[in-house]
Amino acid sequence: MSAGTDRNTVGGGRPTSRDVARLAGVSHTAVSFVFNGRAEGNLSPATQERIRQAATQLGYRPDPVARGLRSRRTAVIGLVTDEIASSPFAGRLLRGAMETAWGSDHLVLTVDSGGDPAKEDAAVAELLDRRVDGIIYAAMSLRRVRVPEGLHRTLSVLANCVPEDGSLPAVIPAERAGGRTAARLLLDAGHRRIALVGGSDDIASAERLRGFRDALRAEGVTLPKEWVVRTGGEITGGYEGAARLLDGADPHRRPTGVFCYNDRVAAGVLHAATRLGIAVPAELSVVGYDDQEHMAAYLTPALTTIALPHRAMGEAAARLLLDAIDTGRTPPATVRRLACPVVTRASVAPAPPGSAP
């Protein structure tokens, strides 16, 4: 520490607001006004600037604990997740929430429960004991959730999930609209023999299929029952589904376009097409879903896909919670749906000549 700093701090320890006051030649109250947002109307701009320069010179930062005791806030929000920390999208959602919180001078304390309801309840209780200003609960995949015990005792928002009892606000992807968008990519390229591969009975699967059917129906395109092949969400499911649709099928009757439940399924479809000697996208166009990092852009061909708005969900959930903290008002228990944008790459091409139904 410099000699100048030694002269202005007590015992050479962490600088205090009184040290700042001495260096700036002002009262301790004046320093408190600047760092508690009460300077306007009480101090001249020149005095405010002198105080800030003194604080910078000393390396002074307001004590967040003391400030929290005065305001009854801690400037910390909790983020409880099920298994999102192990998912490929965790970074996007967490970054969105943390950067939004940081922009409002809040930190985010994250706890991953591993999907254990008892751990979720304990995590929420621990966060409440630490007096966080509010809590975001985020899920790895879109689903209805049992609201962890304790969330109703503070300001809370859900991300990528909806409450079973409809009691809390939620921010989720607009999955049905995403399904419509995927279908339109293929329809606009002239495809009329279109199949869907992958998925199960979860909310995301159901909503994507509903949107997909919406778009096909609007164009008068029939989706044969056997062309909806529910084989899960992994690469093996994509391979199996594509093989069922394409292996041995008449080239003039098989699908020319496939919408995949996610990018992993799409990777399996691409692998099956290669094994069967079917060129993508010349003979078969493929649309994925998720825009999975380190995968979609590196498949052969690079995958056209519908991106899940994980970062935007983190940002929106944090902003909704921070606004509630600022106003002290519980946000309405509504569901906000965020758009799923198209990421255009190389796996979609015009339908092959003579491929009309």
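Quantities reported herein were computed from a predicted structural model and do not represent experimental measurements. (Residues numbered from 1 in each chain as written. Predicted model: local features only at pLDDT ≥ 70, side-chain atom pairs only at ≥ 80, totals over all residues. Heavy atoms only, no water.)

## A look at the sheet that holds strand 3 (residues 135–138)
Working step 1: Ordered by their spatial adjacency, six strands build an open sheet running 2-1-3-5-7-13, and the pairing between neighbours is parallel. Here the strands that pair on one side only, and so sit at the sheet edges, are strand 2 (107–112) and strand 13 (335–338). Adjacent strand axes in the sheet meet at a mean angle of 20° when their direction is disregarded.
Working step 2: Taken strand by strand, helix 7 (residues 117–129) contacts strand 1 (76–81), strand 2 and strand 3, and its axis lies near 175° from that of strand 1. (Pairing = 2+ DSSP bridges. Helix = DSSP H or I, 4+ residues; strand = E, 2+ residues; numbered from the N terminus. Axes fitted to C-alpha atoms, helices over the stretch in contact; angles between N-to-C directions. Contact = heavy atoms within 4.5 Å.)

## What about helix 8 (residues 175–188)?
Working step 1: Compared with an ideal rise of 1.5 Å per residue, which puts 14 residues at 20 Å, helix 8 spans 20 Å between its outermost C-alpha atoms and is within 8% of the ideal.
Working step 2: Every buried residue belonging to helix 8 is among E175, G178, G179, A182, A183, L186 and L187, and all of these are buried.
Working step 3: Where helix 8 is buried, its residues contact strand 7 (170–173), strand 8 (194–197), helix 9 (203–218), strand 10 (257–260), strand 11 (285–290) and strand 12 (304–307).
Working step 4: Two residues or fewer past helix 8, G190 is found with a positive phi of approximately 95°. (Expected span 1.5 Å × (residues − 1). Buried < 20%, exposed > 50% of the residue type's maximum accessible area, 1.4 Å probe, protein only.)

## Some thoughts on the nonpolar core
Working step 1: In this structure, F212, L284 and V286 are the most contacted members of the largest nonpolar core, which totals 65 residues.
Working step 2: Take this core: its biggest share by element is seven residues, from helix 11 (residues 263–275).
Working step 3: Counting residues in each nonpolar core, the second largest holds 23 residues, with A138, A316, A317 and L338 among its members. (Core = buried A, V, L, I, M, F, W, Y, C linked by side-chain atoms within 4.5 Å.)

## Describing the pattern of salt bridges
Working step 1: With the rule as written, the count across this model stands at 22 salt bridges.
Working step 2: In this structure, R210 engages E207 in a salt bridge whose closest nitrogen and oxygen atoms are separated by 2.7 Å. Residue R210 and its partner E207 are both found in helix 9; the two are separated by three residues, about one turn of the helix.
Working step 3: Look at R210 and you get partly exposed, because its relative accessible area is 40%. (Salt bridge = Lys/Arg side-chain N within 4 Å of Asp/Glu carboxyl O.)

## Observations regarding the confidence of the model for the protein
Working step 1: With 92% of its residues at a pLDDT of 70 or more, the protein has an overall mean of 90.
Working step 2: Low pLDDT, under 50, characterises residues 1–11; the predicted model gives this stretch 16 contacts beyond four residues in sequence or across chains. (pLDDT = per-residue confidence, 0-100.)

## Concerning the side chain of S17
Working step 1: Looking at the secondary structure, you find S17 in helix 2 (residues 17–24).
Working step 2: Owing to a relative accessible area of 16%, S17 belongs among the buried residues under this scheme.

## What about the packing of aromatic side chains?
Working step 1: Counted by the stated rule, this structure contains two aromatic pairs.
Working step 2: Both rings, one in F212 and one in F259, keep their centres 5.3 Å apart while their planes meet at 35°; by these two values the pair is tilted. Of this pair, F212 sits in helix 9 while F259 is found in strand 10, placing the two residues 47 residues apart along the sequence.
Working step 3: Pairing F259 with Y289 gives two aromatic rings, centres 6.0 Å apart and planes at 50°, and the pair type is tilted. Residue F259 is found in strand 10, and its partner Y289 is found in strand 11; the two are separated by 30 residues along the sequence. Comparing F259 with Y289 shows no difference in burial state: the two are buried.
Working step 4: An aromatic cluster is defined as three or more aromatic residues linked by ring pairs; in this entry it consists of F212, F259 and Y289.
Working step 5: One residue, R208, lies across the ring of Y289, its end atom 3.7 Å from the ring centre. (Phe/Tyr/Trp six-rings, centres within 6.5 Å; stacked < 30°, edge-to-face > 60°. Lys NZ or Arg CZ within 6 Å of the ring centre and 35° of its normal.)

## Topic: the sheet that holds strand 14 (residues 342–343)
Working step 1: Spatial strand order, 9-8-10-11-12-14: six strands in an open sheet with mixed pairing. Two strands lie at the open edges of the sheet, namely strand 9 (228–229) and strand 14, each paired on one side alone.
Working step 2: Of the pairings in the sheet, the one linking strand 11 to strand 12 comprises four bridges and is parallel in character. Looking at the pairing, G288 lines up with T305 of strand 12.
Working step 3: Relative to the sheet, helix 8 contacts strand 8, strand 10, strand 11, strand 12 and strand 14, its axis offset from that of strand 11 by approximately 160°.

## Here we look at the packing of helix 3 (residues 28–35) against helix 4 (residues 45–58)
Working step 1: Contact geometry for helix 3 and helix 4: axes closest at 10 Å, N-to-C directions at 90°. Taken together, the axes of helix 3 and helix 4 lie roughly perpendicular to each other. Across the interface between the two elements, A30, V31, V34 and F35 from helix 3 touch Q48, I51, R52 and A55 from helix 4.
Working step 2: Of the residues contributing to the contact of helix 3 with helix 4, the split by class is six nonpolar, one polar and one charged. (Parallel < 35°, antiparallel > 145°, perpendicular 65-115°, else oblique. Nonpolar A, V, L, I, M, F, W, Y, C, P; charged D, E, K, R; others polar.)

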